[in-house]
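# Report on the structure
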There are 2 protein chains.
Amino acid sequence: MLNEFSLISRYFTRPSQSDNRALVGVGDDCALLVPQAGKALAISTDMLVEGRHFFKGAEPLALGHKTLAVNLSDLAAMGARPRAFTLALALPAIDEAWLAAFSEGLFALADRCGCELIGGDTTRGPLTLCVTVFGDVEAGQALRRDAARVGDDVWISGTLGDARLALGALRSEWTLNPTELAEARRAMDWPEPQVALGLALAGCAHAALDISDGLAGDLGHILERSDVAARIDVDALPRSAALARQRPEIQRQCTIAGGDDYQLCFTASSRARETVLAAGRTTGTRVTRVGTITAFDAHASEPRITWTDAGGESLALALRGFDHFDD
Amino acid sequence: MLNEFSLISRYFTRPSQSDNRALVGVGDDCALLVPQAGKALAISTDMLVEGRHFFKGAEPLALGHKTLAVNLSDLAAMGARPRAFTLALALPAIDEAWLAAFSEGLFALADRCGCELIGGDTTRGPLTLCVTVFGDVEAGQALRRDAARVGDDVWISGTLGDARLALGALRSEWTLNPTELAEARRAMDWPEPQVALGLALAGCAHAALDISDGLAGDLGHILERSDVAARIDVDALPRSAALARQRPEIQRQCTIAGGDDYQLCFTASSRARETVLAAGRTTGTRVTRVGTITAFDAHASEPRITWTDAGGESLALALRGFDHFDD
């Protein structure tokens with residue numbers, strides 16, 4: 001029978017893979033980490049709870065990937081280079097097959113991103129996963145939420161809405177053919193953090209964040225913190241071929257108010273368009289210009305986001321982001 | 001009705017209290033933190049689950065304190081100076097009175113230790129609290145687990161076993177009078193991380209850790225990682241007056257195999273005895289010498305720890321530390 005310590009030893013302790021390793025890793029009271037010379041450490045934490053962030057019985061290989069991916073996505077949104085992470089997990093019981101698959105999914109992504117597991121905690125409890133991730137970034141080049149400027153273009157990486165499309169099909173809100181469902185599920189279960197694009201944008205983009213709770217809510221955070229507004233062309237929002245075949249109202253719900261996208265939403269000067277497109281090409285990432293940052297008039301009682309169609313006509317949409325306390 | 005974002009804003013965002021503040025704090029994708037010049041960042045994470053680490057219905061003021069205290073204790077065990085922490089929490093529902101008391105207990109200790117909340121995550125789920133804590137330490141002076149040397153003294157801070165004494169009374173394993181129970185519960189609910197002592201020991205002590213799962217198991221980690229053994233005088237283990245009044249077997253169970261102590265166990269050269277005692281005096285912390293590090297003979301099939309009485313006679317004790325997967 002594995003106990004807490006042999007569990008850590010068997011599934012979560014490995015020889016370091018990178019030159020960039022922590023000074024002390026798993027197994028002491030603390031890990032020791034030093035950012036690269038001249039850099040700050042970017043730090044983010046996310047907690048995933050069974051039944052809320054993933055279905056009961058979710059495939060552990062994909063869950064290991066996604067647990068780290070959603071955290072790396074926060075580093076990407078800051079323009080930071082992944083260095084290390086800690087993992088705290090509560091498990092209802094020790095299931096060795098589950099642990100083997102979970103750690104395989106976790107470390108496959110960690111190795112690909114050069115991100116070392118440096119510490120953690122295991123306990124018994126309802127299945128809950130909490131990762132804290134660390135990356136190097138030059139403080140002056142970090143992509144913050146409060147840096148959008150009037151006149152900036154608004155950009156989106158990849159496509160939006162596929163994870164929400166899968167969720168809706170699994171909840172019988174709509175139906176997909178088997179190929180569409182498989183593609184949409186892949187987007188939901190295996191999100192790819194936009195680390196390379198984030199690094200390429202550092203020093204070029206102004207504001208950025210990753211879209212985890214839906215574009216409407218997440219873009220709203222940039223606008224509020226930057227004290228600006230935006231006009232967004234709903235028809236320009238990038239979407240997969242499968243989503244583009246659905247009814248228009250499903251397309252809008254998924255692209256605007258879907259969650260779990262883990263794409264970057266960022267703003268950049270209109271003079272930087274070629275640089276942004278080059279960053280997309282270099283990193284093999286689709287980047288799409290979807291709107292413009294405008295001035296915000298606090299007295300006009302207008303919403304922060306004006307949604308338009310391709311012709312520039314305003315649309316009345318009552319959509320918002322995902323709130324974890326909203327059932 | 002509070003949502004996820006107003007909850008963070010109301011209870012967990014405050015003006016920074018220290019000169020030492022993070023570059024970017026709560027509200028962006030990542031916080032940015034730089035260790036002091038020449039220092040490494042010591043990092044530790046702990047997850048607390050309702051029903052396992054604390055009783056259902058636990059007083060939120062004390063729980064806020066303890067959630068941070070158990071993490072600061074890991075920094076203390078490394079000889080690191082607290083800087084910052086992140087908090088991820090899953091809550092079954094939004095209870096404003098609970099949140100107000102929890103955050104009050106959390107920030108009272110954070111302020112006292114100069115530790116700033118720099119980020120977090122909130123979600124709905126079974127009550128679970130996960131803190132990751134950051135401190136500054138000179139890498140060469142960090143108190144590691146693998147640094148005990150043959151001939152070192154073994155020391156314990158404070159007293160051991162009071163939290164276990166309270167737990168046993170609450171579980172009706174034994175009875176305490178009301179004053180004893182109140183004192184023991186205070187030790188269980190309001191553990192004080194030995195931050196000042198840890199700082200005073202950096203550069204003087206060899207190995208250290210904090211005792212969270214009982215002395216037997218935790219000292220075992222030092223011994224295994226340092227490849228040494230130890231003789232420990234059970235009668236010398238420091239205990240409160242309340243515990244010293246209990247039956248001898250209760251005293252031994254609580255001091256040796258209790259959990260939730262959050263005292264430091266450390267080793268230091270016998271030539272450093274005066275320095276260690278001075279560190280205790282300076283920081284107002286009781287420090288007690290309880291044994292000696294000895295050589296480990298892997299072929300002799302002897303246990304790592306030899307328990308003795310005050311006369312040096314070996315005792316046969318079958319006690320071990322707390323394992324979170326052991327019901």
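The structure reproduced in this document is the subject of the present report. Residue numbers here run from 1 along each chain, matching the order of that chain's written sequence. For this description, chains carry letters from A and ligands carry numbers from 1, given in the order in which they are written. Per-residue local features of the predicted model are confined to residues with pLDDT of at least 70, and side-chain atom pairs are confined, for both listing and counting, to 80 or more; whole-chain, interface and lining totals are unaffected and use all residues. Water and hydrogen atoms play no part in the side-chain values, which are based on all heavy atoms of the structure.

Between chain A and chain B, the contact holds 69 residues from the first and 69 residues from the second. Here the buried area means the combined drop in accessible surface, using a 1.4 Å probe, for two parts upon being joined, counting both sides. Summing both sides of the interface, chain A and chain B together bury roughly 5,400 Å²; the carbon and sulfur share of this comes to 61%. One speaks of a salt bridge when a side-chain nitrogen belonging to Lys or Arg is within 4 Å of a carboxyl oxygen belonging to Asp or Glu. Linking chain A with chain B are 4 salt bridges, by the criterion used here. The partner of Asp29(B) in a salt bridge is Arg145(A), with the nearest N and O atoms 3.0 Å apart. Counted as a polar contact is a pair of N or O atoms within 3.5 Å, where, for protein atoms, one must be capable of donating a hydrogen and the other of accepting one, and residues adjacent in sequence contribute only when both atoms are in side chains. Our enumeration of links across chain A and chain B arrives at 16 residue pairs in polar contact (both at pLDDT 80 or more). Secondary structure elements are taken from DSSP: a helix is a run of H or I of four residues or more, a strand is a run of E of two residues or more, and numbering for both begins at the N terminus. Here the side of chain A that touches chain B gets 9 residues from one element, more than from any other, and that element is strand S2 (residues 40–49) of chain A. Gly falls in the polar group here, along with every residue not listed as nonpolar (Ala, Val, Leu, Ile, Met, Phe, Trp, Tyr, Cys, Pro) or charged (Asp, Glu, Lys, Arg). Within the side of chain A that touches chain B, the residues separate by chemical class into 38 nonpolar, 14 polar and 17 charged. Pairing between two strands is assigned when DSSP locates at least 2 bridges connecting them. In terms of strand pairing, strand S1 (residues 31–33) of chain A meets strand S2 (residues 40–49) of chain B through 3 bridges, oriented antiparallel. Paired with Leu33(A) across the two strands is Leu41(B), which belongs to S2(B). Two residues form a contact once any of their heavy atoms are found within 4.5 Å.

A word on the sheet that holds S2(B). Read across the open sheet, the 5 strands follow the order S1(A)-S2(B)-S5(B)-S3(B)-S4(B); overall the sheet is mixed. Since the sheet does not close on itself, it has two edges, and those belong to S1 of chain A together with strand S4 (116–124) of chain B, each with one partner. Here the average twist between neighbouring strands, direction ignored, is 20 degrees. To obtain an axis, a line is fitted to C-alpha atoms, over the contacting stretch when the element is a helix, and the angle between two such axes runs from 0 to 180 degrees between their N-to-C directions.

The next point concerns the side chain of Ser44(A). On the secondary structure map, Ser44(A) appears in strand S2. Exposure remark for Ser44(A): the relative accessible area of 6% places this residue in the buried category. Within the structure, the side chain of Ser44(A) is placed 3.1 Å from the backbone oxygen of Asp29(B), a separation counted as a polar contact. Dropping the residues within four chain positions of it, Ser44(A) is found in contact with Asn71(A), Asp74(A), Val131(A), Thr132(A), Val133(A), Asp29(B) and Cys30(B). The buried label applies to any residue whose accessible area, calculated with a 1.4 Å probe on protein chains only, is under 20% of its type's maximum; exposed applies above 50%, and partly exposed to all values in between.

Looking now at the packing of helix H4 (residues 162–170) of chain A against helix H5 (residues 178–189) of chain A. Relative orientation and spacing of two packed helices are given, respectively, by the angle between their axes and the distance between those axes. All names here are of chain A. Taken N-terminus to C-terminus, the directions of H4 and H5 make an angle of 120 degrees; their axes are 7 Å apart at the nearest point. The angle between H4 and H5 places the two elements in the oblique class. Seen along the crossing, H4 lies across H5 with a hand that is left-handed. Contacts from Asp-162, Ala-163, Leu-165, Ala-166, Leu-167, Ala-169 and Leu-170 of H4 reach H5 at Leu-181, Ala-184, Arg-185, Ala-187 and Met-188. Along the lines of polarity and charge, the residues of the contact of H4 with H5 split into 10 nonpolar, no polar and 2 charged. An angle counts as roughly parallel when it lies under 35 degrees, as roughly antiparallel when it exceeds 145, as roughly perpendicular when it falls between 65 and 115, and as oblique in every other case. Helix crossings are classified by the rotation of the near helix relative to the far one: an anticlockwise turn of less than a right angle makes the crossing left-handed, while a clockwise turn makes it right-handed.

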